[in-house]
Amino acid sequence: MSLLPNLIAQAIAFDRGDARRIHHFLKVYAYADTIGRLEGLPDDVQETLAAAAILHDIGIHAAEEKYGSSSGKYQELEGPAPARRILSSLGCGEGRIDRVCYLIAHHHTYDGVDGMDYQILLEADFLVNAYEDNLPKDAIRTFCRKVFRTESGIRLLRQTFDIQDI
């Protein structure tokens, strides 16, 4: 059986009662999955990306409890530990666990991007955050120019927000 349905179920259970955050990670997963497939990622990288997208914000609750904040830097600090526990419980290999934890620990870090899985996770998370935060089109354009690199991510951003001058 595939890792991803069980991982989604575990992540929903972890975020029990927090429908907003559950919907957020499911949307990020959908965009990441779509962009990764459109960009032709190999199956193993695609599955790693999908797992990271599902778990990318898993550290929010711990960050809020520990620091009183859900800021990106605290999510990056607190996310890898619960992600590692969940992935280990599902029998995930250490190499994949390490990469997913790395992506979680960097999903709000926009420099030093070292792989298509990382790049696509940044793009997918922004696509969802831009909508959820009701960002103005100028802010979306600026972020796209600075961070987006994939043709598919740029196309989806243009179409989602009806912005052609990026």
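Residues numbered from 1 in each chain as written. Predicted model: local features only at pLDDT ≥ 70, side-chain atom pairs only at ≥ 80, totals over all residues. Heavy atoms only, no water.

An account of the packing of helix α1 (residues 3-14) against helix α6 (residues 80-89) is needed here, citing residue identities and associated values.
At a closest axis distance of 10 Å, the pairing of α1 and α6 adopts a crossing angle of 135°. The orientation of α1 relative to α6 falls into the category oblique. Handedness of the α1/α6 crossing: right-handed. Touching L7, Q10 and F14 of α1 are P82, I86 and L87, all from α6. Grouping the constituent residues of the contact of α1 with α6 by class yields five nonpolar, one polar and no charged. (Axes fitted to C-alpha atoms, helices over the stretch in contact; angles between N-to-C directions. Helix = DSSP H or I, 4+ residues; strand = E, 2+ residues; numbered from the N terminus. Parallel < 35°, antiparallel > 145°, perpendicular 65-115°, else oblique. Left-handed = near helix turned anticlockwise from the far one by under 90°. Contact = heavy atoms within 4.5 Å. Nonpolar A, V, L, I, M, F, W, Y, C, P; charged D, E, K, R; others polar.)

Quick one: what's the story with the nonpolar core, residue by residue and with numbers?
Grouped together as the largest cluster of nonpolar side chains are 47 residues, with contacts concentrated most on L7, I54, L55 and L157. Among the elements of the structure, α1, α2 (19-38), α3 (43-55), α6, α7 (94-104), α8 (116-132), α9 (137-147) and α10 (151-161) are those that each provide at least two residues to this core. Broken down by element, this core gets its largest block of residues, nine residues, from α8. (Core = buried A, V, L, I, M, F, W, Y, C linked by side-chain atoms within 4.5 Å. Buried < 20%, exposed > 50% of the residue type's maximum accessible area, 1.4 Å probe, protein only.)

Describe α8, and please don't skip the residues or the numbers.
Taking 1.5 Å of rise per residue, 17 residues should cover 24 Å, and α8 covers 24 Å from first to last C-alpha, within 8% of that figure. The buried count for α8 comes to 13 of 17 residues, which makes it a mostly enclosed element. Just downstream of α8 lies N134, where phi reads positive at about 50°. (Expected span 1.5 Å × (residues − 1).)

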